[in-house]
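# Observations on chain architecture
Here is what each chain is made of, one letter per residue.
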Amino acid sequence: MAKVQQDAPWSQRWLNHIERLGNKLPHPVSLFIIFCALLVVLSAWMNAASASAQNPSSGEWLYSRSLLSREGLLWMLHSAVGNFVNFAPVGSVIVAIMGIAVAEHSGLLGYVLSGIARRAPPRALSAVIVFTGVLSSIGFDSGYVVLIPLAALIFRAAGRSPLAGIAAAFAGVSGGYSANLVLGPVDAILAGISTEALRLIDDQAEVLVSANYYFIVASTLMITVVGAWVNEKIVEPRLPKPDTVEHLPAADSDDRERRALRVVAVFSAAYIAALIAMVALPSGLLRNPDPEGMAALPLLRGIVVFIALYAALAGIIFGYSSGRFQERNDWIRAMEKGMGTLAGYLVLMFFAAQFVNYFSWSGIGAIAAINGAQWLASLELSSTSLLLTFVLCSALINLLIGSASAKWALMAPIFLPMLAMLGVAPEAVQMAYRIGDSSSNIITPLMPYFGVVVAFMQSHDREAGMGSLLALMLPYSLCFLLSWSMLLSLWLFAGLPLGPG
């Protein structure tokens, strides 16, 4: 806990206040239980008040149903398991993590990240560290436990402040969490929740995992440029340089790992070529049979499986070729370790699934969306203004609720249908949420790795604390929020698609 100094800048005092307020909130699981209980009571009250709304597209009248009625109580009991098992974010994330865990525990992800960071030219050091941090989000813990401490050592070896290296890496890993060159688990999680939320008003609605892919690729470049500029021009000039220059320890690698990486590179090229062939060939397995549809639609619908399969195979090849994997079942143990990290997520998703389905069955979600959309329509705001307001709203909520999936599971059933009825594309709403969430990730003490980053800082500066990290990361957060919002506005103004399909 950072101490509040009387002469501290107003920004630090404000962030300390946010920190204390956020620490008083219950665990995300407890929040969902509380919200489920409130929904049950609210459904009974709305049913007694004969709350209703007319669907503007079909003209059908929708009426609320009480979860406290005999029918509602039986439904909650009988559907609890089904709500969880059929909840879209659950299955796709389990499959993705099974594959990526193999790549992570084989040492492949850590080896690639370390190699990129160590080979950075001095003038491009900040940009390379931020860029590597953005890419590391595909590997869960890799960015936090490998790149951030490594970046401190690289900066110190270059005669620069190790705290600046930590800040640049943290900005890329956490602030750039919603940017990347490849699709990952976060895309599957958010798309699944979005799909469930949209089905409150449209049973056939679907948000593809790749719905934001074009934009997150462009965002990777933007985050890299902005993050490097903030590090060079704002953050690092305020930090003292180290008294002594410590040379970077030799890379922990050998010829076997380098050969293993070359084998993985050959496999990667063959894997990508095979996918392209299955889409491009007229009779390809993954080619859309509908000539008027998007050719790669079958590939995009199964993208999570293809990502998991690639990560698992690449990890197996690297692990056994490098000697990291010794026994026949090591790759299976890697999957098991990865699944072990999902325990907290699965508990959270069980209650999130109940919350979303309570919204749907009671009719509260659809009625709130219709009435809310009518109110927003009366304000006559443009779609861009609505999205930018939502970006800011997401950023502020992120200061109080740390989990990205937990926040989206709370917000999506309300905002997605509401804005969809006003003609705002669900993919754009989802991307607006991601911008607000990622931009403020690096200044919320509720982020799970916030304390870990503070510990890394203290290994180089014993007086560093949570307030130090908050003050250090605030410029990144504000610049990311502003530049990312501008990029989204320009992107939509130009009529560019956010992703395929």
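Sequence order sets the numbering: in each chain, residues are counted from 1 along the sequence as written. Only residues with pLDDT of 70 or above have their local features reported here, since the model is predicted, and side-chain atom pairs are shown and tallied only from 80 upward, although totals for entire chains, interfaces and linings are computed over all residues. In computing side-chain properties, one takes all heavy atoms of the structure into account and sets aside hydrogens as well as water.

### Some thoughts on the confidence of the model for the protein chain
Any segment with low pLDDT has predicted coordinates that should not be analysed in fine detail. The predicted model of the protein chain averages 82 in pLDDT, with 84% of residues at 70 or higher. By mean pLDDT, helix 1 (residues 10-23) is the weakest element of the protein chain at 54, and helix 10 (residues 213-235) is the strongest at 94. Across residues 1-5 the pLDDT falls below 50, and counting only partners more than four positions away or on other chains, this stretch makes 13 contacts in the model. As a per-residue measure, pLDDT reflects the predictor's confidence and takes values from 0 up to 100. Counting from the N terminus, the helices are the DSSP runs of H or I reaching at least four residues and the strands are the DSSP runs of E reaching at least two. Residue contacts follow a heavy-atom distance rule, with two residues in contact if any of their heavy atoms lie within 4.5 Å.

### With respect to helix 17 (residues 383-398)
Each helix should span, by expectation, one fewer than its residue count multiplied by 1.5 Å. Along its 16 residues, helix 17 runs 22 Å from first to last C-alpha, staying within 8% of the 22 Å computed at 1.5 Å per residue. A simple rule labels every residue: compare its accessible area, found with a 1.4 Å probe on the protein chains alone, to the largest value its type can have, and call it buried under 20%, exposed over 50%, or partly exposed in between. For helix 17, the full list of buried residues reads Leu386, Leu387, Phe390, Val391, Ser394, Ala395 and Asn398.

### Considerations on the packing of aromatic side chains
Aromatic contacts are taken between Phe, Tyr and Trp rings whose centres are within 6.5 Å, Trp giving its six-membered ring; a plane angle under 30 degrees counts as stacked, one over 60 as edge-to-face, and the others as tilted. Under the definition given, this model contains 17 aromatic pairs. Residues tryptophan 75 and tryptophan 361 carry aromatic rings whose centres are separated by 5.3 Å and whose planes lie at 20 degrees to one another, so their mutual orientation is stacked. Taken together, the residues tryptophan 75 in helix 3 (residues 70-85) and tryptophan 361 in helix 15 (residues 343-362) connect sequence positions 286 residues apart. Connected via pairs of aromatic rings, a cluster forms that spans Phe390, Trp408, Phe415 and Tyr433. A ring is scored as having a charge over it whenever the NZ atom of a lysine or the CZ atom of an arginine sits within 6 Å of its centre and within 35 degrees of its normal. Across the ring face of tryptophan 361, the terminal group of arginine 65 is positioned such that the distance to the ring centre comes to 4.0 Å.

### Notes on the environment of asparagine 231
In this fold, asparagine 231 is placed in helix 10. Excluding anything up to four places from it in sequence, asparagine 231 contacts Ser126, Phe155, Arg160, Ala164, Ala167, Ala168, Glu236, Pro237 and Tyr476. The definition of a polar contact used here is a pair of N or O atoms within 3.5 Å, where within protein one atom must be able to donate a hydrogen and the other to accept one, and adjacent residues in sequence count solely through side-chain atom pairs. A distance of 2.9 Å separates the side chain of asparagine 231 from the side chain of serine 126, its partner in a polar contact.

### Considerations on the pattern of salt bridges
Here, a salt bridge means any side-chain nitrogen of Lys or Arg that lies within 4 Å of a carboxyl oxygen of Asp or Glu. What the rule picks out here adds up to eight salt bridges. Ionic pairing is found between glutamate 236 and arginine 160, a salt bridge with its closest N-O pair at 2.7 Å. In this pair, glutamate 236 sits in the loop between helix 10 and helix 11 (255-280) while arginine 160 sits in the loop between helix 7 (142-157) and helix 8 (162-175), placing the two residues 76 residues apart along the sequence. The buried category is assigned to arginine 160, whose relative accessible area is 13%. Measuring nitrogen to oxygen at the nearest pair gives 2.7 Å for the salt bridge that ties arginine 324 to glutamate 257. Of this pair, arginine 324 sits in the loop between helix 13 (303-322) and helix 14 (330-340) while glutamate 257 sits in helix 11, and the two are 67 residues apart along the sequence. Overall, arginine 324 belongs to the partly exposed group, its relative accessible area being 41%. Exposure remark for glutamate 257: the relative accessible area of 4% places this residue in the buried category. Sharing partners across several salt bridges, the network here consists of Arg160, Glu232 and Glu236.

### Quick notes on the nonpolar core
In this structure, Phe170, Phe215, Trp408, Met473 and Tyr476 are the most contacted members of the largest nonpolar core, which totals 119 residues. No other element matches the twelve residues that helix 21 (residues 466-493) contributes to this core. Among buried residues, the Ala, Val, Leu, Ile, Met, Phe, Trp, Tyr and Cys ones that are joined through side-chain atoms within 4.5 Å form a nonpolar core. With 17 residues, the next largest nonpolar core counts Leu109, Val264, Tyr271 and Leu286 among its residues.

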